[in-house]
Amino acid sequence: MAPPRPDLAPDPRLERAEMEALQREIADAAAFEDDFAFDPAVLGDPLAASSSADAPPIVAGVDQSFLTNADGEQDRALSAVVAMRGGEVIERVHAVTPLEIPYIPGLLAFREGGPILEALEVLSVEPDLFLFDGSGRIHFRQAGIATHIGVVRDVPAIGVAKSLLCGSPQGDLETLEAGTRVPIEANARVDAPDGTLLGYAVQTRQYDSPNRYINPLYVSPGHRVGPDTAADIILALSDSYKLPEPVRLADSYAGEAKRGLEE
């Protein structure tokens, strides 16, 4: 699959101001509304998927791990992609590339985008949807890693982050019941009018005990998916675990591939 917008691919050699300008261009090119051919209702319903005349959509989870050199410094990024159809894994691939810049909040795509794009070149199937461990529109310039890679590849994408990068929750996020979603709106830290819906804090799982608490995920559209559909999909794909299954398995595979390289 050749990237439809290779000119927008994240380049770690850029100056910070150039990176931020590129992110604004990415945000302008992004579509934060539904634009895909599959029925999202079948993603969390194996019975509906099996009874449909169409093949179930392929959903790919993307996650990262890092390798260290002899001095104990992280010097390589490992990007893992796990593609699933109808709840079954159909392909796993990974790629390793040098790390060229340190982690900078808001510029994650320039650190990790290269290995992700390398891994997607190896992938033989064409997913209908990508789930990224990272932000989409919940981002200072509305262009997190899910938006950046989604636009570069022109594929439906959703960002699934474990912490809130920016934006204002429109409700209390403490002790939410499973299935709850709380809107995240733009504030002064975001290049968007105040009140713009960026995504949701989504509570996929919760303990029964009042003494234990699971934090929500921060779900936002990356590209060609709307915020409500993104939240629906993440809830549908999160069954026994906090993370949606494609991302959880990508995380596990990233660790497995890392151990294999270090042995």
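Every value quoted in this text rests on a predicted model; they were computed, and no experiment measured them. (Residues numbered from 1 in each chain as written. Predicted model: local features only at pLDDT ≥ 70, side-chain atom pairs only at ≥ 80, totals over all residues. Heavy atoms only, no water.)

### Notes on the packing of helix H1 (residues 16-29) against helix H4 (residues 145-153)
At a closest axis distance of 9 Å, the pairing of H1 and H4 adopts a crossing angle of 65°. Crossing geometry of H1 relative to H4 is assigned as left-handed. Residue-level inspection shows Leu-22, Ile-26 and Ala-29 of H1 in contact with H4, the latter providing Thr-147, His-148, Val-151 and Val-152. The residue inventory of the contact of H1 with H4, partitioned by class, reads five nonpolar, two polar and no charged. (Axes fitted to C-alpha atoms, helices over the stretch in contact; angles between N-to-C directions. Helix = DSSP H or I, 4+ residues; strand = E, 2+ residues; numbered from the N terminus. Left-handed = near helix turned anticlockwise from the far one by under 90°. Contact = heavy atoms within 4.5 Å. Nonpolar A, V, L, I, M, F, W, Y, C, P; charged D, E, K, R; others polar.)

### Some details on the nonpolar core
Nonpolar side chains in soluble globular proteins tend to end up buried together. Judged by nonpolar contacts, the single largest core of 34 residues is most densely connected at Val-81, Ile-116, Leu-120, Phe-130, Phe-132 and Ile-149. Those elements that place two or more of their residues in this core are H1, strand E1 (58-68), strand E2 (74-85), strand E3 (88-98), helix H3 (108-122), strand E4 (129-133) and H4. A per-element tally of this core places H3 first, with six residues. The next biggest cluster of nonpolar side chains, apart from the first, holds 20 residues, and it includes Val-59, Leu-217, Ile-234 and Val-247. (Core = buried A, V, L, I, M, F, W, Y, C linked by side-chain atoms within 4.5 Å. Buried < 20%, exposed > 50% of the residue type's maximum accessible area, 1.4 Å probe, protein only.)

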